[in-house]
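Residues per chain, in single letters:
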Amino acid sequence: MASMTDEDLKQMSQDERAKALGMTTEQLTGKSLYIEFDPEASERYTYPWSHDVDFNKRTEIDTDALSTTEVNNAIRERMKEGYGTIVLKNPRGKHSLGVGILNKLNLIVDGSCGYFAIGLIDGPNVRITGRVGWSCGENMMAGTVVIEKNAGSTFGAAMRGGDLVCRGSVGSRTGIDQKGGTIIVGGDTGALSGFMMQRGRMVVCGNAGKNLGDSMYDGTIFVGGEIRSLGVDAIEAELTDLDRQWLTRKLTQYGLMPDKGVDHFTKVVAGKQLWNYDNLEPSEKKLIL
Amino acid sequence: MCGIAGLIHKGKSANVGSEMTAMLQALKHRGPDSTGYAVYGEPTEGDYVMRLKVAEAEDMGKGRGIHKLIETRIADVEEIMEDAGAKVKSRDAVTEYALRYVLSHAGNTGDMAKSIEEVEGVEILSMGNGLELIKDLGDATVVSEMYGLKDFKGTHGIGHTRMATESDVDIKSAHPYWAFPYNDVSVVHNGQITNYWIMRREMERKGHRFMSNCDSELLAVYTAHNLSNGISLEDSLRQSIDEIDGVFTYLVATKDQLGMAKDTMAAKPLVLYESDDLIAMASEEVAIRAILPEEIDTTDPYDEEVRVWQA
C-alpha cells in the first residue's frame, strides 16, 4: 500500500484499482467501487482524480439562468481551474445543487435549495444561507454542511460520514437509514426520525415527533426537548460523561450549545430486540483487523 | 407524483391567475399530464359563476358528430337552467367543450346542478359566487393561455399539476375537484388514498355523486359532506386524518378560506411561506420562489398538521 502512488492508481482500471487496494473478495461492478487511501500519503482522504484547489481563490456563479446540470458542471469547471471557494448566487430553490462533489472545497450557497441539495458529497465544506428541501445531504460520505434556516424531510438520509447541521427545524424521517456521521438539528424534527438508523449520531436540540428511532439497528440519538413517542425497538439509555463531552464539543463547534448545557438531553438507542446489525464499515474493519 | 400549490392574499385582491400559473409551471416536472386551477375572484352576491364541460378534450377528435352532440348538450343545459328559474347573464365558450356562465338564480343551485349533470357528457366543474375552476390537458402556461387566466384578479387560489397514476389522462380525472354541490369549495390533492372504495361507497350511500375514479375526488365529496352537515373546514380537515387512510397532503379552498391537511405519515411534501399579507404553499420550494424570488423563510408542516387561513 505504502509504495502505491496516486499516479499509479490513476493509470489503473476500476477493477485493477480495487484489487490493488486489497478489495479482492468483493464483486465490483458499476458504482460499487470502494476506495481506500494510502495512509502515508500527504493528502489523505482525497481521490486520485480530485482537483488541487486553493481555498483563497474565490469565485461566484450566478445560477439564476442556469439549469441544475449547468450549475453542477460549472462547479467542476471552477474546481478544475483551482478555485477552492465557490459562491452560488440566486439558487431560488433549484434541486440537486452541489451533488456529487468529491473534492475539498468551500461551497457557499447564497440562498435556498430544493430537493437533494449537496447529496453524495465526499469532502467539501458547505454553507447554505437559506433553507433546503427534502433529502439534503443524502448519502454524504464526508465534509461539513451547515444550513442556516430550515430543512425538509429525509434530512441526511443514508448518510455515512461528516457533519450535517441545520440551525432551524427539519421535516420528518430525519436520518432515515443513517449509516454514519453526525446530524445536528437546532430546532425540532418530525415523525419517524432515525427510522432504520444503523450507525452515527443524531442530535436534536428541540422536540422530536412520534416514532423516534423506529426499527433502528444501532447509532445514537440525543434529543434536548420533548419526544412525542419512541418507535419500535428504540429505548432510552443513560447519558454518559463521554456523551456529555461529545455533545458539548459538537454543539459548541456549531454555535448551538443550549444555555442550560447538555444534561437535559435524552439519549435514545436501539433495544436490539428486533435485529442486530453488526457489520463493520470497511474503514472500521481496516482499523480492527 | 403530482404537484399542488395554493396562495391566499389577506384582505386584498391580486393577480392570482398569473401567480398560480407561475407556481404551477415551476411544478411541471411533478406532473405534465394536466393542470388545474381553482381561483377565487371577488364574490358577486346573487350571481353565480358556473364552469362546465360538455365533452372531454379527446372527444374532439371523434369526427363531425361530436360538434352536433355538443350543441345538443348545451341546448339541454340551458333549457334546464331556464326551467330552474336561472337567468343567464353571460355565456363564454372558452373552448369548444368548456363553457363559463354567469347566472342569477334565487332557487336551490344544488338541485339545478344535479339536473344539469343528468345530461350525458356534461360535468359542472364549479359553481359559486367567487370560485372559478379551470382544468385541462397540458402544462400551466398552455392551460392559462387557453382559458385567459393571466389577468384573473382574486384573493386566493389552489392548483394542481397531475401525473396520472390510478386513473386516466382526461379532464374529469384532473384536479382541482369542486365539492359538488357545495358552492365555492374546491380541493387539490397529492398522494394515494388506500380506503378509497370503502369511503366512496359510504359517501354514495349518503347520496353523493362521483364523476371519476380518481381517489382525489373523494376528498372533495368528503369535504362537501362535512361542510353540508355544519362541520367547520378546520374540523373536517382534522377529522379526515383519522378517517382517510393513505399518504396525502391536500388543500381545500372556500369562498374566503384556504386550508391544508397532512396525513399521519407526512409522506407527501408541502413547503409553507407565511407573511402578514400573503400565505403561499406548494409541493416544492421552487414554486414559491417563482412568485417570491427574494430570500424568505419557509417551513415544512409536520405529520397530522392542519392549518386554515382567512382571506
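Residues numbered from 1 in each chain as written. Chains lettered and ligands numbered in written order. Predicted model: local features only at pLDDT ≥ 70, side-chain atom pairs only at ≥ 80, totals over all residues.

## Here we look at the overall build of chain B
Basically, it comes down to this: Under the scheme used here, helices are H or I runs from DSSP no shorter than 4 residues and strands are E runs no shorter than 2 residues, and both carry numbers assigned from the N terminus. Each radius of gyration is computed over the set of C-alpha atoms, and the globule rule expresses the reference value as 2.2 Å times the number of residues to the power 0.38. We call a residue exposed when 12 or fewer other C-beta atoms sit within 10 Å of its C-beta, buried when the count reaches 20 or more, and partly exposed for counts in between; the C-beta positions come from the backbone. Contact between two residues is assigned whenever their backbone-derived C-beta positions fall within 7 Å.
In terms of helices and strands, chain B carries eight helices and 15 strands. Taking 19 Å as the expected radius of gyration for a compact globule of 311 residues, we find that chain B reaches 18 Å, a close match to that expectation. Scored against the burial criterion, the 311 residues of chain B give a buried share of 50%. Here the contacts in chain B between residues at least 6 apart in sequence split such that 72% fall between residues at least 24 apart.

## Section: the overall build of chain A
From N to C terminus, chain A includes five helices and 11 strands. Summarising the internal contacts of chain A: among those between residues at least 6 apart in sequence, 28% fall at separations of at least 24.

## Considerations on the UniProt feature "domain: Glutamate synthase alpha subunit C-terminal" (unreviewed entry) in chain A
Inclusion rule: UniProt positions are given in the numbering used here, feature names are shortened, and annotations may be inferred rather than shown by experiment.
The UniProt feature table records "domain: Glutamate synthase alpha subunit C-terminal" (unreviewed entry) at residues 100-226 of chain A. The span residues 100-226 of chain A carries 0% helix and 31% strand; its end-to-end C-alpha distance comes to 35 Å.

## Quick word on the domain arrangement of chain B
All names here are of chain B. Using the following cut-off: Source of the domain bounds: an automatic or database domain assignment.
According to the domain assignment, chain B consists of domain 1 (3-42 + 137-310) and domain 2 (44-129). Here the C-alpha centre of domain 2 lies 24 Å away from the C-alpha centre of domain 1. With 16 residues of domain 1 in contact, the opposing surface of domain 2 contributes 18 residues.

## Here's the deal with the pairing of strand β2 (residues 34-40) of chain B
Residue and element names in this part refer to chain B. Convention followed: For two strands to be treated as a pair, DSSP must find at least two bridges joining them.
With respect to burial, β2 is a largely interior element, seven of its seven residues being buried. Of the two faces of β2, the one carrying Ser-34, Gly-36, Ala-38 and Tyr-40 and the one carrying Thr-35, Tyr-37 and Val-39 are both buried. In this structure, β2 lies alongside strand β8 (residues 156-162), joined through seven bridges in antiparallel fashion. Note on β8: the bridge partner recorded for Ser-34 is Arg-162.

## Observations concerning the interface of chain B and chain A
Counting residues at the interface gives 15 residues for chain B, matched by 21 residues for chain A. The dominant element in the side of chain B that touches chain A, judged by the number of residues it contributes, is helix α8 (residues 285-289) of chain B, at three residues.

## Overview of the sheet that holds β2(B)
Residue and element names in this part refer to chain B. How we decide: As a rule, the C-alpha atoms of each element are fitted with a line to give its axis, helices using only the stretch in contact, and angles between N-to-C directions run from 0 to 180 degrees.
Taking strand neighbours across the sheet as the criterion, the six strands line up as β7-β2-β8-β1-β14-β13 in an open arrangement whose pairing is antiparallel. Unpaired on one side and paired on the other, β7 (131-137) and β13 (271-274) mark the two borders of the sheet. Adjacent strand axes in the sheet meet at a mean angle of 5 degrees, parallel and antiparallel pairs treated alike. Across the sheet, helix α1 (residues 16-26) touches β1 (3-9), β2, β8 and β14 (278-282), and the angle it forms with β8 is around 30 degrees.

## Let's talk about the UniProt feature "domain: Glutamine amidotransferase type-2" (unreviewed entry) in chain B
The sites that carry the UniProt feature "domain: Glutamine amidotransferase type-2" (unreviewed entry) are, in the present numbering, residues 2-311 of chain B. The annotated region residues 2-311 of chain B carries 28% helix and 30% strand content, and the separation between its end C-alpha atoms amounts to 26 Å.

## A closer look at helix α2 (residues 65-83) of chain B
Residue and element names in this part refer to chain B. Convention followed: A helix is expected to reach a length of 1.5 Å times the quantity of its residues less one. The directions considered for the arc run from the helix axis to the C-beta atoms.
When the terminal C-alpha atoms of α2 are compared, their 27 Å separation across 19 residues agrees well with the 27 Å that a helix rising 1.5 Å per residue should span. Along α2, the residues that are buried comprise Ile-70, Arg-73 and Val-77. On an axial view of α2, the arc spanned by its buried residues comes to 65 degrees, and they lie on one face. Residues of α2 that are exposed and point over 90 degrees away from its buried face: Gly-65, Lys-68, Glu-71, Ala-75, Glu-79, Glu-82 and Asp-83. Buried residues in α2 make contact with α3 (109-116). Directly beyond the C-terminal end of α2, a positive phi value near 85 degrees is found at Gly-85.

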